[in-house]
Amino acid sequence: MAGTKRLVPMGVALLLLLGVLPSSGRAVAQEPDPLVQDSVNALAGLVSADHCAQKDAADGDASNGITLLYLLCDDGLPPSGGGSNGIPVPAKYAANEAGDDWSGLPAPASAEEVATADASDDLQPDDDRRITLDVDVSLPPSSASVLYPDLAPVGAPASGNPVIVFMHGCCGGNKASWEASSVDASNESWHHSNAWFAARGYVVINLTARGFRNSNDEGSSGTTQLDSRRYEINDAQYVTGLLADLDAQRAASDLPPLFSINRKKIGSVGGSYGGGFSWLFLTDPTWRSPLSKFKLRLGAAVPKYGWTDLVESLVPSGHYLDRNATGKTVIAPTAVQKAASRNPIGVEKQSIVSALYATGNMVNGNHTTFPAYMHNAFTRLNQGEPYDGDADVEAIVDTFLKDRSAYYQSSYWRRVKAGLRVPLFVAATWTDPLFPTMESLRFYNKLKKVDPRYPVQMNLGDYQHFTANKPKEWDDLCGSDHHVCTFDDYPGAARGNFSKVPTRVRIGINTRINAFLDHYLLGKRPTPPHNVSATTTICAANATDTFKVDEPGIEYDAPTWRALTGGPVQKFAWAGGGAVFGSTTNGGVDNHADESDPVFRQTQSDKCTTTTKSNPGLGVVQLESKKLDQPFTMMGLPLLQLKTNTAATDYWVGARLYDADADGNMTLVTRGVCRVNTAIDENGCSQFDLFGNAWTFPKNHTLVLELSQSDSPFLRRDNVPSTVEYPEVELQVPTTKERFRHDFRD
């Protein structure tokens, strides 16, 4: 049952009876909240010989001897509604006088506050105040001898052990998403898991976010709040703080510490849903532990292919720009009411949103538990336009921006301006249609505007949602055959030294992330470069014997994003001299829509779309450039400028950019969409960015641009009939400079 209390050491029990607890290194009289003390007790039960096992990160098999020791403390899978092995956390956190219930870590809310929140947010608490999280903790060798006295003691660093908090994805993720038995786990978990970090000196927390469960309804209780700062971010801060609180109670009972954490060296890492989580964690980087009120601080954040504006991710308006037509960087407003994603509200990525929603509701597999208002939001979104001015839609937009989108956290931007620096590694993505490049880029551009010296490293590649997501992007490559490096490729691996690899030919994204975290959290490794690197995209259509389809493309490295994308702009213009090139209609036929739909592509072995120029459909305007007399490498977000004739006041235009060869075969390079509502923005979609990519267009190829109002099922068709004519179109394609090329095959 939720809240089940465990036996605690006699000394701790005596302290509880006396109401004496340690704070800031000395004992003071307190009256601990029973919920918080239950949480500490639950953690003590989890990190015990009953639940912790010795593991070998070298090969995942401890029965043949242990080379790289770490401990995995696994609570099992408590049933929905709580469990004796779960960690109880507040169902809601208390609001201060200003109504702010997310800055730092608020105390648990009262039963009355929880009831009020439950009525509107559908929290589904276990009882009147708590939910229960499914949590695993992995411990480094320095903690092992505390639980296993027969092991030779390994001292923790004098400064303490750093902490990694992993967050999984949506909507079928859980704590196991970033767990592995050995350092040589596959794909993105290669050198990037609890085993990897714990064996090398980190304390690792893998938790299942509230509401996420398996087919047996086992996991964490409550309902998902979609990475709300008021809930999921506080949950992570709360659980992390418990480590310090339990060690303090053990010290008061003359027991050695279990964790010995460095409270200033906590890292947040996650992808997708976990990427949005890590972005949000970055914006609330200081808090106090729930019991002893120790100060804790985020020491580094690694958001991977996540969102910074959840509204734009799911319902893009297309009104964000990387730079304008003159090349000046555009810094988007950070005020919620001025958000580009709501002025106007955009176009639903219908196939993706529906797929995520269906996965989340798939109770016969891993799923999440959406609160009632999320079901209502999905239903309203699929009813379609008009969105703007609808009170229900505006309320959804408000909470998605205020509570769930890192870009709109005004207190964070004030702190950065005042000197706050939490080192940031951004694993952005070129070709992900769910969380496109702009999701990372808008934050990067703003950050560099506020503090040009902010420590941020960014990498972009062809990986994650609805993409090839190549292991060889994430992992190091060794040998002439470019295989993913294994334990045996590292001469010092048995001693935990993975820095020297004689046969390594390429350093993958994970190793760059590790070097970043090791420097800022572990206190090892040189200062990482605060640069921007990117690889070009390789599909089956443009792969060669040199640039293989399973490998990353050509790599480019530059000091900043603007330098990386600062080559000569390639312009392609189509002007009709008073005539029009054609028209689109939202009731038209788009013959390339089905095959280019991301959800359909996910089912294909070739995630890239390659089709023919012929017969795009009566609802599509197709424009083609002259043959290229020289190859060039696109790098960044193309800017599309349109002049249109239409009587419509509310409509959208989708665009797809292809690379076409001499035989008429064309491969999708990037796409985008922009919504017009002249009542809100009279400029409409006279210019908008496509999602972006890094792509080399060969000599004698052409660029093909398709405009469509019926790019469905990817984009939801507009309810209001409209027809648009196009007398002038210009495409500005950013490029890079060859001096930034740094490819392992050169």
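Scroll up to find the structure.
Keep in mind it's a predicted model, so treat the numbers as computed, not measured.

A. Fine view of the overall build of the protein. A tally of helices and strands in the protein yields 18 helices and 32 strands. For a compact globule of 746 residues, the expected C-alpha radius of gyration is about 27 Å, and the protein comes in at 26 Å, within 12% of that figure. Principal-axis analysis of the C-alpha atoms gives the protein an extent of 90 × 60 × 50 Å. The 746 residues of the protein split such that 61% are buried.

B. Expanded view of the pattern of salt bridges. The final tally for this structure, using the stated rule, is 39 salt bridges. Here Lys472 makes a salt bridge to Asp550, at a shortest N to O gap of 3.0 Å. With a gap of 78 residues between them, Lys472 in helix H14 (residues 471-474) and Asp550 in the loop between strand E19 (532-535) and strand E20 (555-558) connect regions that are remote in the sequence. Accessibility expressed as a relative area gives 14% for Lys472, which makes it buried. Looking at Asp550, the relative accessible area reads 35%, which means it is partly exposed. Here the salt bridges do not stand alone but share partners, grouping Asp74, Asp75, Asp134, Asp136 and Lys175 into one network.

C. Here's a closer look at helix H12 (residues 410-417). Residues of H12 that are buried: Tyr412, Trp413 and Val416. Viewed along the axis of H12, the buried residues span an arc of 95 degrees, placing them on a single side of the element. Exposed residues lying more than 90 degrees from the buried face of H12 are Arg414 and Lys417. Where H12 is buried, its residues contact helix H7 (273-282) and helix H13 (438-450). One or two steps after H12, the chain reaches Gly419, where phi turns positive at roughly 120 degrees.

D. Main features of the packing of aromatic side chains. Following the criterion strictly, the structure yields 28 aromatic pairs and no others. Seen in terms of ring centroids, Tyr93 and Tyr238 are 6.2 Å apart; in terms of plane orientation they differ by 65 degrees. Their pairing is edge-to-face. Of this pair, Tyr93 sits in the loop between strand E5 (87-90) and helix H3 (111-121) while Tyr238 sits in helix H6 (residues 229-252), placing them 145 residues apart in sequence. What makes Tyr93 buried here is its relative accessible area of 0%. In this structure Tyr238 comes out as buried when scored by relative accessible area, which is 1%. With centroids separated by 5.7 Å and ring planes inclined at 35 degrees, the aromatic side chains of Tyr412 and Phe443 adopt a geometry described as tilted. Of this pair, Tyr412 sits in helix H12 while Phe443 sits in helix H13, and the two are 31 residues apart along the sequence. Tyr412 sits in the buried class, given a relative accessible area of 0%. For Phe443, a relative accessible area of 0% gives the class buried. Every member of this aromatic cluster is reached through a ring pair, and the members are Trp279, Tyr407, Tyr408, Tyr412, Trp413 and Phe443. Directly above the aromatic system of Trp474 lies the positively charged group of Lys304, at a separation of 5.3 Å from the ring centroid.

E. Region of interest: the sheet that holds strand E17 (residues 483-484). In spatial order, the strands read E17-E16-E18; together these three strands make up an open sheet with antiparallel pairing. The sheet terminates laterally at E17 and strand E18 (504-506), the two strands that pair on one side only. Bridge count for strand E16 (residues 477-478) against E17 is two bridges, and the pairing is antiparallel. Residue pairing across strands places Cys478 opposite His483, the latter belonging to E17.

F. Layout of the state of the cysteines. Going through the model one piece at a time under the given rule, you end up with five disulfides. A sulfur-sulfur distance of 2.0 Å marks the disulfide that ties Cys170 to Cys171. Residues Cys170 and Cys171 share a disulfide whose torsion about the S-S bond is about 85 degrees; that sign makes it right-handed. Note that Cys478 is cross-linked by a disulfide to Cys485, the S-S spacing being 2.0 Å. Disulfide Cys478-Cys485: the torsion about the S-S bond is 100 degrees, which places it as right-handed. Neither Cys478 nor Cys485 differs from the other in exposure class; each is buried. With its bonded cysteines labelled in order along the sequence, the protein shows the pairing 1-2, 3-4, 5-6, 7-8, 9-10.

G. Local environment of the sheet that holds strand E24 (residues 620-624). In space, the five strands of this open sheet follow the order E23-E28-E27-E31-E24, with antiparallel pairing throughout. Lying at the two open borders of the sheet, with one neighbouring strand each, are strand E23 (610-612) and E24. The average undirected angle you get between the axes of adjacent strands in this sheet is 35 degrees.

H. Molecular detail of the side chain of Gln237. On the secondary structure map, Gln237 appears in helix H6. Dropping the residues within four chain positions of it, Gln237 is found in contact with Gly104, Leu105, Phe281, Asp284 and Trp287.

I. Expanded view of the side chain of Lys472. In this structure the side chain of Lys472 is engaged in a polar contact, spanning 3.1 Å, whose partner is the backbone oxygen of His482. Apart from the residues lying within four places of it in its own chain, the contact partners of Lys472 are Leu477, Asp481, His482, Val484, Arg506, Asp550, Glu551 and Pro552.

Reading the values: rules and limits
- Residues numbered from 1 in each chain as written.
- Predicted model: local features only at pLDDT ≥ 70, side-chain atom pairs only at ≥ 80, totals over all residues.
- Heavy atoms only, no water.
- Helix = DSSP H or I, 4+ residues; strand = E, 2+ residues; numbered from the N terminus.
- Rg over C-alpha atoms; globule rule 2.2 N^0.38 Å.
- Buried < 20%, exposed > 50% of the residue type's maximum accessible area, 1.4 Å probe, protein only.
- Salt bridge = Lys/Arg side-chain N within 4 Å of Asp/Glu carboxyl O.
- Arc of directions from axis to C-beta.
- Contact = heavy atoms within 4.5 Å.
- Phe/Tyr/Trp six-rings, centres within 6.5 Å; stacked < 30°, edge-to-face > 60°.
- Lys NZ or Arg CZ within 6 Å of the ring centre and 35° of its normal.
- Pairing = 2+ DSSP bridges.
- Disulfide = S-S within 2.5 Å.
- Axes fitted to C-alpha atoms, helices over the stretch in contact; angles between N-to-C directions.
- Polar contact = N/O pair within 3.5 Å; in protein donor to acceptor, adjacent residues only side chain to side chain.

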